[in-house]
Amino acid sequence: MRSAALTTVIAILAVNVSLVLGWGYRASDQRRWAVLHPACGGRQQSPIAIAARQAIPISIPAMELIGYQNPLPGPLTITNNGHSVALTIPKYSSEEEKKGFRLPYIFGGPLDNEYEIEGLHFHWGDKNNRGSEHTLNDMRLPLEMHIIHRNKKYRNLAEALQHPDGLCVLAFFYQVVEFDAKLLTPIVKNLSAIENYNTSMQLPHTFSLSSILSGLDTERFYTYKGSLTTPPCAEAVTWVVFSDYLPISVFQMDNFRGLLSNLNLPLVDNFRQLQPLFGRRIFVRITSKNPKFKKTKLHYSKWDWVGHKKAENDVAEFDE
Ligand SMILES: [Zn+2]
């Protein structure tokens, strides 16, 4: 009798500990993120709703994706961390760096420094009408990939998270096609090996980032200042969200939905609720496809990420 009661107490404690230490995606769970991670209640949080009609067109350079065409250093590891699938990319040793090996990095766009790749992961839905974290013109796509880059002036991720210019995350939307979407095959065909929470596997082959982005138009993108979309929600992210879609097949989506969370439930709908803008501005890069904004010029070093006027005044303010 006593031991049964003790077992019950221990079981209740274990459940409470997991509630306190872990975090989840149910609406009631998301509201509690800020209790342990105060930044989650901040005023520059992500994701946000992005709409072409409210974005401010701006002349800025294209994003330069350097080394994206080279095979990533191996072995690559995929992990089911209970919240997502994450791809971990090993760092080069100092000997390899002396020989000239470099991890892929990015610059251009809104960035004033080089940012080196740290890893990538995904957010997806139980159904095809949801899953992406950002929405684009009120659309929620079934899958969104985040490629995380660290400002090279910071030594590691932990240090970068302490600074507003610490990270740049490239966000890519996917739309479901019936067949022949093989871009993510190197990752997707191995997902069954990491079905359970807290499991990893080394991929048998490495691949290049450009191979999984093949055919994407990277000329047009939205950019704004925000945060990590998971605890600790650090407000350290310059977001670059591409408006073009990548393809994923229905079969490949099902591979993501076959994963299990830390509670042994299907790992689906791992996206955060939309966050308020609190006066932040969303910029969209001017390309030859939207030439009517050609006269709008604002040097990007002078732009103001957080506006002080009403949104409808913004465009007029920038017209020459
Ligand atoms: Zn993410």
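Parameters at a glance
- Residues numbered from 1 in each chain as written.
- Predicted model: local features only at pLDDT ≥ 70, side-chain atom pairs only at ≥ 80, totals over all residues.
- UniProt positions renumbered as here; feature names shortened; annotations may be inferred.
- Core = buried A, V, L, I, M, F, W, Y, C linked by C-beta atoms within 7 Å.
- Buried ≥ 20, exposed ≤ 12 C-beta atoms within 10 Å, placed from the backbone.
- Helix = DSSP H or I, 4+ residues; strand = E, 2+ residues; numbered from the N terminus.
- Contact = placed C-beta atoms within 7 Å.
- Pairing = 2+ DSSP bridges.

- The name recorded for the protein chain in an unreviewed UniProt entry is Alpha-carbonic anhydrase domain-containing protein, from Helicoverpa armigera.
- Note on the protein chain: under the UniProt heading Sequence similarities (unreviewed entry), the record states "Belongs to the alpha-carbonic anhydrase family."

Some remarks on the nonpolar core
- Counting 69 residues, the largest nonpolar core has L143, V169, A171, Y222, V240, V241 and F283 as the members making the most contacts within it.
- It is strand β10 (residues 167-177) that provides the largest number of residues to this core, a total of eight residues.
- Once residues within four sequence positions are removed from consideration, L143 is found in contact with F122, W124, G131, S132, Y174, I248 and M253.

Some points on the pairing of strand β7 (residues 115-124)
- Extensive coverage of β7 is indicated by the burial of eight of its 10 residues.
- Note: strand β5 (residues 85-88) against β7, three bridges, orientation antiparallel. Note on β7: the bridge partner recorded for A86 is H121.
- Following strand β6 (residues 105-108), the chain reverses through six residues before pairing antiparallel with β7; G109 in that reversal takes a positive phi of roughly 55 degrees.
- Alignment of β7 against strand β9 (residues 143-151), held across nine bridges, turns out to be antiparallel. Across the sheet, G119 pairs through a bridge with I148, a residue of β9.

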